[in-house]
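# Results of the structural survey
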Amino acid sequence: MTSEARNVSHTLTEFILLGFPCRWEIQIFLFSIFFVTYILTLLGNMAIVCAVRWDPRLHTPMYILLANFSFLEICYVNSDVPNMLANFLSQTKSISFARCLLQLYFFFSLGTTECLFLSIMAYDRFLAICRPLHYPTIMTIKFCSSLVIFCWVYGFLWFLIPVILVTQLPFCGPNVIDDFLCDLGPLLALASACVPIPGTVLICGTMSSLLIFATFFYIIGSYTLVLRAVMQVPSVAGRKKAFSTCSSHLAVVFLFYGSVMMTYVSPGSGQAKGMQKFTTLFYSVLTPFFNPMIYSLRNKEMKDALKKVLGVFTAHSPMKIASNSSTFAGFILLGFPYSRERQVLLFVLFSVVYLLTLMGNASIICSVSWDQRLHTPMYILLANFSFLEICYVTSTVPNMLANLLSDTKVISFSGCFLQFYFFFSLGSTECFFLTIMAFDRYLAICRPLHYPNLMTGHLCNNVVISCWVLGFLWFPVPIIIISQMSFCGSRIIDHFLCDPGPLLALTCSRVPIMELYWTIISSMLLFIPFFCIMVSYALVLRAVLRVPSAAGRRKAFSTCGSHLAVVSLFYGSVMVMYVSPTSEHKAGMQKIVTLFYSVVTPLINPIIYSLRNKDMKHAIKKLLGT
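Residues numbered from 1 in each chain as written. Predicted model: local features only at pLDDT ≥ 70, side-chain atom pairs only at ≥ 80, totals over all residues. Heavy atoms only, no water.

## Focus: the sheet that holds strand S1 (residues 14–17)
Which entries qualify depends on this criterion: When DSSP finds two or more bridges between a pair of strands, those strands are recorded as paired. Strands here are runs of E lasting at least two residues and helices are runs of H or I lasting at least four, both read from the DSSP assignment and numbered beginning at the N terminus.
Here 3 strands make up an open sheet; going across it, the order is S2-S1-S3 and the pairing mixed. Each of the sheet's edge strands pairs with one partner strand only, and the pair in question is strand S2 (94–96) and strand S3 (176–177). As judged from the 3 bridges shared by S1 and S2, these two strands associate in the antiparallel manner. Note on S2: the bridge partner recorded for glutamate 14 is serine 96.

Here's what the structure looks like:
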């Protein structure tokens, strides 16, 4: 590389990932699709990891390799999908030079590791079918562990030199990457626009081709020998069983290699942009999504193990709980009753979610407090809403975490009803805050000239206080009445918190009047604010459609999109639960829905409110010192 090239090699500080440039509505739709795919991919591969870990029958080389492969898939999708999801909701779609190169390194290193794992898994099947008598002595646990370590280490070393070469390339021209990740082809194309780089293109193409074809031909060679051995098996049942053990792996091999070969054999070639994105999406997002299904649907042992793992929300493992309720003054929160290993896993998961929720909402509060530009009614309401979310998750999650590590899972009578009161009071306050925030947007868009005079600081403070006071006054009467009822039976609550449905089910006799009263006040709380929000946004929509310019309409919709997303997430799940609290909800579904609105939505809200808000993003960057 010339000295002139070196001088311009770092003139760019960031790249623009175009991703999928389309209308905002389509981007929201794509965000939803890929977010669901991402979550299902994590759950599916994690289920395989847990099944292998917790079922002693699966402690064999074949399943140990499969568990490591599933963990690899989790890492693989995490190298590109979270950034792609954030990109859908971002206005700038920028990624720093360092982050782009780090994504390139991890994406290619994990892809290399996947190629090596597929080769080792083919070798394992070759030994099991072609050398069945020698298989136990050759493929020992120690040898299997050595192969796993080799795959991970070699995978992260293979592309180190090409990535270092890419970091030294001159990026002096356009910084727009027409892709959803920092891929090798687009980066080489940007660099070649400055100076010719035939050497780097040749090295990258050679190493990509060598990795892909060497591992692919090794896999095909292994299965050719397997096929020859299987065809010599005399019985049809024996051949069917042998083919069954290999078909899943072959399906994954062809899915992965079929799409990878189209992209990386010649990374600097001019491929059609749409086709390049499609093939990259296929092997980096869809194959990790399909792998758990492919590996489990035709494997009886894996299906049985997965049923045990997935029984976490539907089946109760035996618990030694005294049925004599007179020995303690309280209730037993079953939470998630299953083995100790799974409880520890969930404890770690919910601890991370809880900390991220606290940090995300606290960062919004600090940004609004410390940035003078955000001292407006809209952001004051948002800061109060973030503080409310911190209180909301704290009313349930700490006790749930303690419950996961507890042997008795007992909560006192007073503790149960205190949690009941704070959980519902904070939920009521959230309903009122969402309504006030919708009213604020209505005034800002439909009454822009009167907005400064109407939504003054004094009025804003008054509505904030009203939300908190009214929220904490809405549910005391029914909660006091329920606390005075008689409870019979084992006092076991099949939930992770003191919820009205399970509590009313434990009363000695049904009280239809109380159930009706609860349904009425819950319905009023949910439907009246929800109706006000819908009316506000109907008026906003009517006003926005009258705006002559497309840019003006886009800006108006942008200010409301975040709030509407939060409203839909919260109300969509809450309405399932509390309009009829004593209806026959399945315990597993009840827990999942409650988890969604009480834990997941407070985690997602800071992301929703900040990613498409330029002022908030700038304030958070100042807060984080970036």
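## A word on the sheet that holds strand S6 (residues 492–493)
Two strands in a sheet stick together by hydrogen bonds in their backbones, pointing the same way (parallel) or opposite ways (antiparallel). The strand order across the open sheet built from 3 strands is S5-S4-S6, with neighbouring strands paired in mixed fashion. Among the strands making up the open sheet, the edge pair consists of strand S5 (410–412) and S6. Pairing geometry for strand S4 (residues 330–333) and S5, over 3 bridges, is antiparallel. Note that in S5 the partner of isoleucine 332 across the bridge is valine 410.

## Focus on the state of the cysteines
Our working rule: Cysteine sulfurs are considered disulfide-paired once they come within 2.5 Å of each other. For every residue, the accessible area obtained with a 1.4 Å probe (protein chains only) is divided by the maximum for its type, and the residue is called buried under 20%, exposed over 50%, and partly exposed between those limits.
The tally for this structure, following the rule as stated, stands at 2 disulfides. Two residues share a disulfide in this structure: cysteine 100 and cysteine 182, whose sulfurs sit 2.0 Å from each other. Negative torsions about the S-S bond denote left-handed disulfides, and the value of about -125° found for cysteine 100 with cysteine 182 makes this one left-handed. Pair noted here: cysteine 100 is in helix H5 (residues 97–130) and cysteine 182 is in the loop between S3 and helix H9 (184–192), with a separation of 82 residues, a long-range link. The same class applies to cysteine 100 as to cysteine 182, namely buried. In this model, cysteine 416 is linked to cysteine 498 through a disulfide, with the two sulfur atoms separated by 2.0 Å. For the disulfide bridge between cysteine 416 and cysteine 498, the dihedral angle about the S-S bond is near -130°, and by the sign convention the bridge is left-handed.

## Comments concerning the pattern of salt bridges
Put simply, the rule is: For salt bridges, the criterion is a side-chain nitrogen of Lys or Arg within 4 Å of an Asp or Glu carboxyl oxygen.
The full count for this structure, using the stated rule, is 3 salt bridges. Of the charged contacts in the structure, one is a salt bridge between lysine 591 and aspartate 494, with a shortest N-O distance of 2.9 Å. One end of the pair, lysine 591, is in helix H24 (residues 587–611); the other, aspartate 494, is in the loop between S6 and helix H21 (500–505), with 97 residues separating them in the sequence. Each member of the pair, lysine 591 as well as aspartate 494, is classed as buried.

## Digging into H5
The following threshold applies: To estimate the expected span of a helix, subtract one from its residue number and multiply by 1.5 Å.
In this model, H5 (34 residues) spans 49 Å end to end at C-alpha, consistent with the 50 Å of a helix rising 1.5 Å per residue. Counting buried residues along H5, 29 of its 34 residues qualify, which places the element largely inside the surrounding structure.

## A look at the packing of helix H2 (residues 24–54) against helix H3 (residues 61–78)
In helix packing, the relevant descriptors are the interaxial angle and the interaxial distance, both defined with respect to the helix axes. In plain terms, the rule: As a rule, the C-alpha atoms of each element are fitted with a line to give its axis, helices using only the stretch in contact, and angles between N-to-C directions run from 0 to 180 degrees. Throughout, the term roughly parallel applies to angles under 35 degrees, roughly antiparallel to angles over 145, roughly perpendicular to angles from 65 to 115, and oblique to all others. Two helices that cross are described as forming a left-handed crossing if the nearer one is turned anticlockwise from the farther one by less than a right angle, and a right-handed crossing if clockwise. The contact criterion used throughout is that any non-hydrogen atoms of two residues lie within 4.5 Å. All residues other than Ala, Val, Leu, Ile, Met, Phe, Trp, Tyr, Cys, Pro, Asp, Glu, Lys and Arg, Gly among them, are scored as polar; the first ten of these are nonpolar and the last four charged.
Running from amino to carboxyl end, H2 crosses H3 at an angle of 155°, the nearest separation of the two axes being 9 Å. Classed by the angle they form, the pair H2 and H3 counts as roughly antiparallel. Read as a crossing pair, H2 and H3 show a hand that is left-handed. Counted together, Tyr38, Thr41, Leu42, Asn45, Met46, Ile48, Val49 and Val52 of H2 and Tyr63, Ile64, Leu66, Ala67, Ser70, Phe71, Glu73, Ile74, Val77 and Asn78 of H3 form the full contact between these two elements. Looking at the contact of H2 with H3 residue by residue, the class counts come to 13 nonpolar, 4 polar and 1 charged.

## Observations regarding a nonpolar patch on the surface
Rule in force here: Patches here are clusters of residues that have more than 30% relative accessible area and form no salt bridge, with a 9 Å joining cutoff for like charges and a 5 Å cutoff for nonpolar side chains (Val, Leu, Ile, Met, Phe, Trp, Tyr). Areas reported here follow the Shrake-Rupley algorithm with a probe of radius 1.4 Å; residue values treat only the protein chains shown as occluding.
Side chains of Val344, Val348, Val352, Leu355, Leu356, Met359 and Leu405 sit close together on the surface and give an oily, nonpolar patch of about 610 Å² of accessible area. The residue methionine 359 is located in helix H14 (residues 340–370) in this model. On the basis of relative accessibility, which here comes to 57%, the residue methionine 359 falls in the exposed class.

## Digging into the confidence of the model for the protein
The cut-off we apply is this: You can read pLDDT as the predictor saying how much it trusts each residue, on a scale of 0 to 100.
For the protein, mean pLDDT is 80; residues scoring 70 or higher make up 87% of the total. In the model of the protein, helix H1 (residues 3–8) stands out as the element of lowest mean pLDDT, 40, in contrast to helix H6 (residues 135–138), which has the highest, 90. In the model, residues 312–328 has pLDDT below 50 throughout and makes 25 contacts with residues more than four positions away in sequence or in other chains.

## Remarks on the pairing of S1
Where S1 and S3 come together, 2 bridges link them in parallel fashion. From the neighbouring strand, leucine 17 faces S3, where its bridge partner is isoleucine 177.

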